[in-house]
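Take a look at the letters that make up each chain.
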Amino acid sequence: MNLYFSFLKLKARVLEGRKLARADIHRMMALKRRRELTGVRMIGVTGSGGKTTTSALVFHMLGEGAPAALSMLENTEQMIAPRLAKFPRHARYGVFEISGHAPGVLESVCELVQPDIAIITVIASDHRSTFRDAGATAQEKINLALNAARRGGLVLLNADDSEVIAMREQIPDAQVRTFGEAEAADYRALDVQQSVTGRLQFRCKFAQEEALFDFALLGRHLLVPAMASIACAHQAGLSLAKLAARAARFVQLPGRCSLHANRGGRPLSVTP
């Protein structure tokens, strides 16, 4: 890797008379590695919220059955490119949290990642200095779905978010699955509740298949990442029953509505 890095710098300077920036080299190395990856399914996750938890959950749900690689938290091209350049050859899935903080950034990252599966969580008026309303934000985020659709891939949309579900009209020929509490959702959450110990519990139904899920996730808003991860892993061929067993073993990232035991070893209780 370091030798190739040096080769690109030397080639640009000697043959092209220019000096490559580190970001340019990382991008070139990422594109080279992506061309080498065959049989790998790349999963992109974007939205105004829930990206990190969704990415961690998808990685957890898939990773117990097949080797997977994860890129999250630092979710811009500057960090994704060098991570992709070092993508492990044994991995069968790649999960990438992708920011859509400015016009064009998602398209640029998608050229690197080349997503086979796109997950859109929620749309809100974030990055107000760049996007003045939720509609403008949605127009950037949909680029992830469009890229997956062009590759004949799968698009997973939050049926409970009006801006997200409206994207379906812009990708009419894509393979789309929806998730949420909405009656029309393909993956529907039923009987959603927070237990007295803070765990998120619900039934997930897809067609005639159904299972009870119990996540160590504090907050009903985390139903979105939970359902997105179920839909993604189920579409990858895992049964809802198997996913329910895996869900119970998930440990949330600290500081993101995570659950902790008190000094006596008992879980902290939550007033319903």
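Above this text you will find the structure in question.
**Overview of the sheet that holds strand β2 (residues 68-71)**
One open sheet accounts for nine strands, arranged β2-β3-β1-β4-β5-β6-β7-β8-β9; its pairing is mixed. Among the strands making up the open sheet, the edge pair consists of β2 and β9 (209-215). Strand-to-strand twist across the sheet, computed as the mean angle between neighbouring axes with direction ignored, equals 15 degrees. Looking at chain direction, strand β7 (residues 187-194) and strand β8 (residues 200-206) are connected through six bridges and run antiparallel. Paired with tyrosine 187 across the two strands is phenylalanine 206, which belongs to β8. Against the sheet, helix α8 (residues 223-235) touches β1 (41-46), β4 (117-120), β5 (154-158), β6 (175-180), β7, β8 and β9, its axis set at about 40 degrees to β8.

**Describing the side chain of asparagine 158**
Topologically, asparagine 158 is positioned in strand β5. Looking at asparagine 158, its side chain comes within polar contact range of the main-chain oxygen of threonine 121, at 2.9 Å.

**Considering the environment of glycine 100**
Mapped onto the secondary structure, glycine 100 falls in the loop between β3 (93-97) and α5 (105-113). We classify glycine 100 as buried; its relative accessible area is 1%. Glycine 100 sits 41 residues away from lysine 141 along the chain, and the two C-alpha atoms are 6.0 Å apart.

Reading the values: rules and limits
Residues numbered from 1 in each chain as written. Predicted model: local features only at pLDDT ≥ 70, side-chain atom pairs only at ≥ 80, totals over all residues. Heavy atoms only, no water. Pairing = 2+ DSSP bridges. Helix = DSSP H or I, 4+ residues; strand = E, 2+ residues; numbered from the N terminus. Axes fitted to C-alpha atoms, helices over the stretch in contact; angles between N-to-C directions. Contact = heavy atoms within 4.5 Å. Polar contact = N/O pair within 3.5 Å; in protein donor to acceptor, adjacent residues only side chain to side chain. Buried < 20%, exposed > 50% of the residue type's maximum accessible area, 1.4 Å probe, protein only.

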